[in-house]
Amino acid sequence: KTLILWFRRDLRLSDNPALRAAVDVAETVIPVFIHAPEEEGQWAPGEAARWWQHESLASLADRLAESGSRLILRRGSTREVLADLLAETGAEGVYWNRLYEPALVERDRSIKQWLRAEGHEARSFQAALLVEPWAMRTGKGEPYRVFTPFWRAFGKRGSPRSPRRKPGTLRPATNWPRSESLQALGLLPAVRWYPRLASCWQPGEAGAEAALTRFLDRGLSSYHEDRDRPAVDGISRLSPHLHHGELSPFQAWQRVSERLAAQAALTQGGEAWLRELVWREFAHHVLFEFPHTPEAPLYERWADFPWREDHQPLLRAWQRGETGYPIVDAGMRELWHSGFMHNRVRMVAASLLVKNIRAPWLAGARWFWDTLVDADLANNTMGWQWSAGCGADAAPYFRIFNPFTQSRRFDGDGAYIRRWLPELARLPDKALHAPHEAEASLLQAAGVRLGKDYPRPVVDYRESRAAALAAAKQLR
Ligand code: FAD
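Cut-offs applied
- Residues numbered from 1 in each chain as written.
- Predicted model: local features only at pLDDT ≥ 70, side-chain atom pairs only at ≥ 80, totals over all residues.
- Near = placed C-beta within 6 Å.
- Helix = DSSP H or I, 4+ residues; strand = E, 2+ residues; numbered from the N terminus.
- Nonpolar A, V, L, I, M, F, W, Y, C, P; charged D, E, K, R; others polar.
- Core = buried A, V, L, I, M, F, W, Y, C linked by C-beta atoms within 7 Å.
- Buried ≥ 20, exposed ≤ 12 C-beta atoms within 10 Å, placed from the backbone.
- Contact = placed C-beta atoms within 7 Å.
- Axes fitted to C-alpha atoms, helices over the stretch in contact; angles between N-to-C directions.
- Left-handed = near helix turned anticlockwise from the far one by under 90°.
- Pairing = 2+ DSSP bridges.
- Right-handed = clockwise from strand over helix to strand, strands pointing away.

> Tell me about the site of the ligand, and please be specific about residues and values.
In the vicinity of the ligand there are 28 residues, among which Ile235, Ser236, Asn379, Asn380 and Gly383 approach most closely. Those elements giving two or more residues to the shell around the ligand turn out to be α9 (239-243), α11 (267-289), α14 (343-356) and α16 (377-388). Here the shell around the ligand is built from residues that sort into 13 nonpolar, eight polar and seven charged.

As structure tokens, this is what we get:
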């Protein structure tokens, strides 16, 4: 029997349940990737994520070739492409791993119905999440909106399953269907801004494995202490690998748990990290249960929040890393350069945009969507609504991050700011976090002319904070 293995965001051979199942029951498996961005609604992959996808597909194609197989690339309507492939290959069915974004859930459901109606086998598998979103329910039978009870309930379910073995050699098809070239999919952005990303990342299964091993050896033991310090190499940087499915959460969970069991000294770091991995589960749970959230707040009362109408120029300054708030500007430059931003800085940058600048959270979410290599609809929506105070488990609205305090606390010696804002590098620590408050002599000695070399704050912190609180009150 012949089966089609429909690769999507599970660009790996190990712990790939759909692949494993297909190989177990079919003589021939035809691996296929279909580029159909219009089927993802408002949230087709952004530019940085498309670069990653391009590289990751190249890597997957190599891995399949090493196993004796091939990756068939096609573009167009998924249904039409699958219909052609089924006819061309005589395959009996299609296997795939599930995704949870609202548009994809709908699309996949209709593909499954259509395949079955046509007499084909259609099977989907759990691979991207440790627990299916619909399997988690509060005592009242409702979906969760708060993380801590979700985490507790998750803990009661017992350990996640072990990763599935990678299939050995794959039997080649006798007649391979035609494949487009990777270039022809048009994933790479039209403007060639992306080559710098290649110096920061290694997309693909081998890159994911290397990043995980590196983190286990170097970051895990102090993760609980270092995870909030953006200058320190204390986080895993696994989010793009997890998003594109080059590593499964089951693999990550198992590898971290094994280390924890072997070394008591890793307990705090390891447990803190597994908890973050469960935030990813929570974000997907919320997205699945509340599919309106990518475009609108979880809580409807926030829908009419009075955003600042003239926010466009301020939004642009934020995007360019020219807000006059060094910690935020450093983050926005890190994002532009590497397609990534440290989580602590994401929170501070998002807070400045939605609370002080008072631009709609969706404008920030859209910018992140295009610029992050790990842009993920569940995690990004949750992060932005958390920051805007209108989503699941958000901090109370009145708790507004003070970027200067955050900066002094988490980047005390200014190493992160200096890395990304060389124009401020010569300022002494005490002037670095808020240059507009520094004595003129310090600025002069460091060669910083405010308004020329580095901007003054685009909004006054205190005034904008008061305005945000007044706006929230008005809403109530
Ligand atoms: P680690 O600290 O090593 O954590 C391990 C893994 O746990 C991560 O890879 C990620 O999969 C998961 N995780 C960690 N923190 C969170 C979190 N707060 N929410 C959900 N999952 C989490 N994450 C994305 O993957 N894609 C996004 O598009 C995204 N957008 C965000 C937007 C905002 C405004 C904010 C505040 C956060 C966003 N996050 C997003 C969450 C978080 O910032 C990243 O997951 C994290 O920085 C990735 O770095 P890491 O892999 O080194 O994480």
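> Would you mind going over the nonpolar core in detail, with residue names and values included?
If you look at the biggest cluster of nonpolar residues, it comprises 118 residues, and the most contacted ones within it are Ile4, Leu5, Ala22, Val32 and Ala349. What Leu5 contacts, discounting residues up to four positions off in sequence, is Ala18, Leu19, Ala22, Val29, Ile30, Pro31, Val32 and Tyr95.

> How would you summarise the environment of His337 if you had to cite specific residues and measurements?
Checked against the element boundaries, His337 lands in helix α13 (residues 326-338). We classify His337 as partly exposed; it has 14 C-beta atoms within 10 Å. Separated by 299 residues in the primary sequence, His337 and Glu38 have C-alpha atoms spaced 28 Å apart.

> Help me get a handle on the packing of helix α15 (residues 361-371) against α16, residues and values and all.
Running from N to C, α15 and α16 cross one another at 145 degrees; their axes reach a closest spacing of 10 Å. Like other packed secondary-structure pairs, α15 and α16 cross with a definite hand, here right-handed. Counting all contacts with α15, which are made through Trp361, Gly364, Ala365, Phe368 and Trp369, the residues of α16 involved are Asn380, Thr381, Trp384, Gln385, Ser387 and Ala388. Here the contact of α15 with α16 is built from residues that sort into six nonpolar, five polar and no charged.

> Any details on the pairing of strand β5 (residues 121-125)? Residues and values, ideally.
Pairing between strand β4 (residues 93-97) and β5: five bridges, direction parallel. Directly across from Asn97, in β5, lies its bridge partner Phe125. Between the parallel elements β4 and β5, the chain passes through helix α4 (residues 102-117) in a crossover that is right-handed.

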